[in-house]
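Understanding the architecture of this molecule
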Amino acid sequence: MAYVQGFVVAVPAANKEAYAKMAADFAPVFKEFGATRVVEAWGDDVPDGKVTDFKGSVKAKPDEVVVFSWHEYASKEAATAAYGKMMNDPRMKEMGASMPFDGKRMIYGGFNTLLEM
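Presented here is a report on the structure given in the accompanying data block. (Residues numbered from 1 in each chain as written. Predicted model: local features only at pLDDT ≥ 70, side-chain atom pairs only at ≥ 80, totals over all residues. Heavy atoms only, no water.)

1. Section: the overall build of the chain
The helix and strand tally for the chain stands at four helices and four strands. Listed N to C, the secondary structure of the chain is β-α-β-α-β-α-α-β in terms of helices and strands. In summary, the chain has a C-alpha radius of gyration of 15 Å against a globular reference of 13 Å for 117 residues, a match within 12%. Projected onto its principal axes, the C-alpha positions of the chain cover 35 × 35 × 20 Å. Each of the 117 residues in the chain was classed as buried or not, and the buried ones make up 34%. For the chain, the exposed surface amounts to about 7,700 Å²; the carbon and sulfur share of it is 58%. Averaging the locations of the 14 positively and 16 negatively charged side chains of the chain gives two centres separated by 4 Å. (Helix = DSSP H or I, 4+ residues; strand = E, 2+ residues; numbered from the N terminus. Rg over C-alpha atoms; globule rule 2.2 N^0.38 Å. Buried < 20%, exposed > 50% of the residue type's maximum accessible area, 1.4 Å probe, protein only. Areas by Shrake-Rupley, 256 points an atom, 1.4 Å probe, with all protein chains shown as cover. Lys, Arg positive; Asp, Glu negative; His and termini not counted. Charge placed at Lys NZ, Arg CZ, Asp CG, Glu CD.)

Put into structure tokens, the structure is as follows:
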């Protein structure tokens, strides 16, 4: 089953188009490096929690929207190899220089697939 890298960020609502462009620019590079699927999801129904929630996880401000995204790879090894390629690719450095969100508040992690239907 696939290995998944997940990401949650808070993006200023005013930066939606810039974020969509950034995602569209990055996606082919991720695929080139081995991602089998790249998904970017703009928050639509992200409720406030009583203990914790997506907004709190990234310290979203009132004018920000939570974005949830994931990249799928054939294996953890493929994801690790892709990460190494990304860190050494000048395109990634150039594109990453002007992010339309605060990258310091991004949360991410790698996950082994438990169930896939």
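Now that the structure is up, let's keep going.
2. Some remarks on the pairing of strand E1 (residues 3-12)
Taken across its 10 residues, E1 has 10 buried, putting it largely inside the fold. Burial along E1 is two-sided: the face carrying Tyr3, Gln5, Phe7, Val9 and Val11 and the face carrying Val4, Gly6, Val8, Ala10 and Pro12 are both buried. As defined by bridge partners, E1 adjoins strand E3 (residues 64-73) across 10 bridges and the pair is classed as antiparallel. Bridging across to E3, Val4 finds its partner in Glu72. Relative to strand E4 (residues 107-112), E1 runs antiparallel, the two being bridged by six bridges. Its bridge partner being in E4, Val4 is matched across the sheet by Phe111. (Pairing = 2+ DSSP bridges.)

3. Thoughts on unusual backbone geometry
Positioned with a positive phi, Lys59 is a non-glycine residue whose angle comes to about 50°. Its place among the elements puts Lys59 in the loop between helix H2 (54-57) and E3. For Lys59, a relative accessible area of 62% corresponds to the exposed category.

4. Some details on the nonpolar core
Among the nonpolar cores identified, the biggest contains 19 residues, and Tyr19, Met86 and Met92 are the most heavily contacted of them. Looking at this core, the elements that each hand over two or more residues are E1, helix H1 (16-32), E3, helix H3 (76-87) and helix H4 (90-96). The element contributing the most residues to this core is H1, with six residues. Once residues within four sequence positions are removed from consideration, Tyr19 is found in contact with Val9, Val11, Glu40, Trp42, Val67, Ser69, Pro100 and Phe101. (Core = buried A, V, L, I, M, F, W, Y, C linked by side-chain atoms within 4.5 Å. Contact = heavy atoms within 4.5 Å.)

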